[in-house]
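The lines below spell out each chain.
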Amino acid sequence: MMPKKDGFTLAQEVRKKNNHIPILFVTAKAMLEDKLQGFQAGGDDYILKPFSMDELFARIEVFLRRTNGNQQETNSLS
């Protein structure tokens, strides 16, 4: 629970400015409606509290692989 602004709103604002920034929701909101709202707001993944650090690191590694792969693909096209 962030002060002044919720994560869904923040995700929408980030998406309006940059569609390539990975967004991972880390939240205690476990209801299906919350998860769907997170994805609809532009989130790429959703992890529930409590979580293991190993799982968080694995999810971040996926984002990094995808981001680095897109950069390499873009560079090879130019």
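Residues numbered from 1 in each chain as written. Predicted model: local features only at pLDDT ≥ 70, side-chain atom pairs only at ≥ 80, totals over all residues. Heavy atoms only, no water.

J.: I tried to follow the overall build of the chain on my own but got confused; where do I start?
T.: When its secondary structure is counted, the chain shows three helices and two strands. Listing the helices and strands of the chain from first to last along the sequence gives α-β-α-β-α. Taking the intrachain contacts of the chain between residues at least 6 apart in sequence as the baseline, contacts between residues at least 24 apart amount to 26%. Summed over all atoms, the accessible surface of the chain reaches about 6100 Å², with 56% contributed by carbon and sulfur. (Helix = DSSP H or I, 4+ residues; strand = E, 2+ residues; numbered from the N terminus. Contact = heavy atoms within 4.5 Å. Areas by Shrake-Rupley, 256 points an atom, 1.4 Å probe, with all protein chains shown as cover.)

J.: Could you clarify how one ought to interpret the pattern of salt bridges in this entry?
T.: When the charged atoms of two side chains with opposite charge come close together, those side chains can pair. Considering all chains together, one arrives at four salt bridges under this definition. The partner of arginine 15 in a salt bridge is aspartate 44, and the shortest N-O contact between them spans 2.8 Å. Remark: aspartate 44 occurs in the loop between helix H2 (32-40) and strand S2 (45-48) and arginine 15 occurs in helix H1 (residues 7-17); sequence separation between them is 29 residues. Among the ionic contacts, a cluster of salt bridges with common partners joins Asp45, Glu55 and Arg59. (Salt bridge = Lys/Arg side-chain N within 4 Å of Asp/Glu carboxyl O.)

J.: Would you mind showing me how to read the side chain of arginine 15 here?
T.: For arginine 15, a relative accessible area of 16% corresponds to the buried category. Among the polar contacts listed, one links the side chain of arginine 15 to the backbone oxygen of asparagine 18, at a separation of 3.3 Å. In this view, arginine 15 contacts His20, Ile21, Pro22, Ile23, Ala41, Gly42 and Asp44; residues no more than four positions away in its chain are not counted. (Buried < 20%, exposed > 50% of the residue type's maximum accessible area, 1.4 Å probe, protein only. Polar contact = N/O pair within 3.5 Å; in protein donor to acceptor, adjacent residues only side chain to side chain.)

J.: Please explain the packing of aromatic side chains as it appears in this structure.
T.: Describing an aromatic ring pair means giving the distance of the ring centres and the angle of the ring planes. Summed over the entire model, instances satisfying the criterion amount to three aromatic pairs. Aromatic side chains phenylalanine 25 and tyrosine 46 sit 5.8 Å apart centroid to centroid with 35° between the ring planes, which places their arrangement in the tilted category. Taken as a pair, phenylalanine 25 in strand S1 (residues 24-27) and tyrosine 46 in strand S2 lie far apart in primary sequence, 21 residues in all. Considered together, phenylalanine 25 and tyrosine 46 belong to a single accessibility category, that of buried residues. Pairing phenylalanine 39 with tyrosine 46 gives two aromatic rings, centres 6.4 Å apart and planes at 40°, and the pair type is tilted. What makes phenylalanine 39 partly exposed here is its relative accessible area of 40%. (Phe/Tyr/Trp six-rings, centres within 6.5 Å; stacked < 30°, edge-to-face > 60°.)

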